[in-house]
Amino acid sequence: MSSDNTSEKVTIYDVAEHAGVAISTVSRVLNNSQDVSDATRTKVMTAIDELQFRPNRTAKTLAERSARTLAVAVPTFTTPFHNELLKGIRSRLGEVDVDLLLCDLAWAAPEATLMNFLNRGAMDGLLLAGLPVTDPIAEELHKLGAPVVLIGSSHSDFDSFYWDETAGARLAIEHLIEKGHSRIGMITTHMESTLRNARIQGYREALSSADLPLEERFIATGRTEKHAGFSEESGYEAMEELLEIEPSLTAVFASSDVQAIGAWQAMRHHGLEVPDDIALVGYDDIKVSRFIGLTSIAQNMHQVGEDATDILLDRTENGTSAEASSHLITPELVVRKST
């Protein structure tokens, strides 16, 4: 058999299997993406040479065979946390020929919004972020007949990426305790959720482990309902409440960076300096936190967005027969000048 006939039968799927990488990785190499390590690039190029694969012709085949429409559903597109997540998703989808549908789940009625979105169909894969998957939702996702990757929650039937929120909150409080603080307040959201409860649990566990008293009045929420309470306004209001309840607090843990930014402004208005008068820790490690010096708990949202998209692309190209994967991500403490 001639080399031309052999190369005609070799596909990008063969190259991926031969190199031991995902098809999306081969696609990135073919498109000269910089987001591939030298070792991986060499492995893929070696497979291409050994299989006598013709990239230019088969790259077109990949575009024709890959999913045409992928969807991303998130509670909102306007918070810094979800912006970072979407940037990670976009960085991956920018390398393949697909259309992208966006669904704003809305904080008030996310399940109903998702159901309506799913009923419209017309998607070949879905990234679902920030919504716990109940049995009724799982049933609807199965009816979709397309691969689904969850971000921020887990379910045994679907690939998922989720965070250990309790461990993240413990990290924040343990850091403040190590800095010598014993009167530590917490700012959280007024809206009941598994995320809210997990972070409060971490706050309580860290205080208990250090034999420090837990005073429920030191857990404050703001009144503003925008973004379910994860906003600068809510953080400002909660900080005002804490300072009124207990002016002798020496540290505060905010359950999001945007709340921490609002709290910081309230401290300034009361003539307090961070960290000299009061230390401050946020959560999420959004981009602006690096510039204002806010100590925060990093969730690496951009990387999670990239990794989740890689799995979704792989599922749309290879099918969903393999067992669902579960990725528990442990947040990391990033110490800056606010503590």
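Fair warning: this is a prediction, and the values are worked out from it, not measured in the lab.

What counts and what doesn't
Residues numbered from 1 in each chain as written. Predicted model: local features only at pLDDT ≥ 70, side-chain atom pairs only at ≥ 80, totals over all residues. Heavy atoms only, no water. Helix = DSSP H or I, 4+ residues; strand = E, 2+ residues; numbered from the N terminus. Buried < 20%, exposed > 50% of the residue type's maximum accessible area, 1.4 Å probe, protein only. Contact = heavy atoms within 4.5 Å. Areas by Shrake-Rupley, 256 points an atom, 1.4 Å probe, with all protein chains shown as cover. Lys, Arg positive; Asp, Glu negative; His and termini not counted. Charge placed at Lys NZ, Arg CZ, Asp CG, Glu CD. Arc of directions from axis to C-beta. Core = buried A, V, L, I, M, F, W, Y, C linked by side-chain atoms within 4.5 Å. Salt bridge = Lys/Arg side-chain N within 4 Å of Asp/Glu carboxyl O. Pairing = 2+ DSSP bridges. Right-handed = clockwise from strand over helix to strand, strands pointing away.

Asks: Please explain the overall build of the protein chain as it appears in this structure.
Replies: From N to C terminus, the protein chain includes 14 helices and twelve strands. A buried classification covers 51% of the 339 residues belonging to the protein chain. Partitioning the intrachain contacts of the protein chain with sequence separation of at least 6 by distance along the chain shows that 69% fall at a separation of at least 24. Of the roughly 15,500 Å² of accessible surface on the protein chain, 48% is carried by carbon and sulfur atoms. Measuring between centres, the 29 positive side-chain charges of the protein chain sit 5 Å from its 51 negative side-chain charges.

Asks: Help me understand helix 8 (residues 135–143), please; the structure alone is not making it clear to me.
Replies: Three- or four-residue spacings in an α-helix give side chains the same orientation, since the helix completes a turn every 3.6 residues. Of the residues making up helix 8, those classed as buried are Ile137, Ala138, Glu140 and Leu141. Down the axis of helix 8, the buried side of the element spans an arc of 160 degrees, and every buried residue falls inside it. Exposed and oriented more than 90 degrees from the buried face of helix 8 are Asp135 and Lys143. Within two residues after helix 8, glycine 145 carries a phi angle of roughly 70 degrees, on the positive side.

Asks: Sorry if this is basic, but what is going on with the nonpolar core here?
Replies: It is characteristic of soluble globular proteins that their nonpolar side chains tend to be buried jointly. Within the largest apolar cluster, 37 residues are counted, with the highest numbers of intra-cluster contacts made by Ile187, Tyr203, Met239, Val252, Phe253, Met267 and Leu280. When residues of this core are traced back to their parent elements, those giving at least two are helix 9 (165–178), strand 6 (184–188), helix 10 (194–209), strand 7 (219–221), helix 11 (232–245), strand 8 (251–254), helix 12 (257–269) and strand 9 (279–284). Sorting elements by how many residues they give to this core places helix 12 first, with five residues. Those residues in contact with tyrosine 203, other than ones at most four positions away along the chain, are Ala169, Ile173, Ile184, Gly185, Met186, Leu214, Phe218 and Ile219. If you look at the next biggest cluster of nonpolar residues, it comprises 25 residues, including Val96, Leu127, Val149 and Val304.

Asks: Could you clarify how one ought to interpret unusual backbone geometry in this entry?
Replies: With the exception of glycine, most residues fall at negative phi, and the peptide bonds are largely trans. The linkage connecting valine 274 with the following residue, proline 275, adopts the cis geometry, with an omega of 5 degrees. As for its position among the elements, proline 275 is in the loop between helix 12 and strand 9. With a phi close to 60 degrees, alanine 228 is a non-glycine residue in the positive phi region. Phi angles above zero are rare outside glycine, and aspartate 284 is one such case at about 120 degrees. Tracing the backbone shows aspartate 284 in strand 9.

Asks: Mind showing me how you'd approach the pattern of salt bridges here?
Replies: Pairs can form between side chains of opposite charge once their charged atoms are near each other. A complete count under the given rule lists 17 salt bridges for this structure. Two residues, arginine 336 and aspartate 285, come together in a salt bridge whose shortest N-O distance is 2.9 Å. Taken together, the residues arginine 336 in the segment after strand 12 (332–334) and aspartate 285 in the loop between strand 9 and helix 13 (287–292) connect sequence positions 51 residues apart. You can call aspartate 285 buried: its relative accessible area is 10%. Connected through shared salt-bridge partners, Arg183, Glu215, Arg217 and Glu246 make up one network.

Asks: What should I look at first to understand the pairing of strand 9 in this one?
Replies: Within strand 9, six of the six residues are buried, which leaves it mostly tucked inside the rest of the structure. Two elements, strand 8 and strand 9, share three bridges in a ladder whose sense is parallel. Paired with valine 252 across the strands is leucine 280, a residue of strand 9. Read from strand 8 through helix 12 to strand 9, the crossover connection turns out right-handed. The pairing of strand 9 with strand 10 (residues 295–298) spans four bridges and is parallel. Residue pairing across strands places tyrosine 283 opposite isoleucine 297, the latter belonging to strand 10. With helix 13 bridging strand 9 and its parallel neighbour strand 10, the resulting β-α-β unit is right-handed.

Asks: Teacher, can you tell me more about the side chain of histidine 175 here?
Replies: As for its placement among the helices and strands, histidine 175 is situated in helix 9. The exposure class of histidine 175 is buried, given its relative accessible area of 7%. With sequence-adjacent residues up to four places away left out, histidine 175 is seen in contact with Val281, Thr295, Leu333, Val335 and Thr339.

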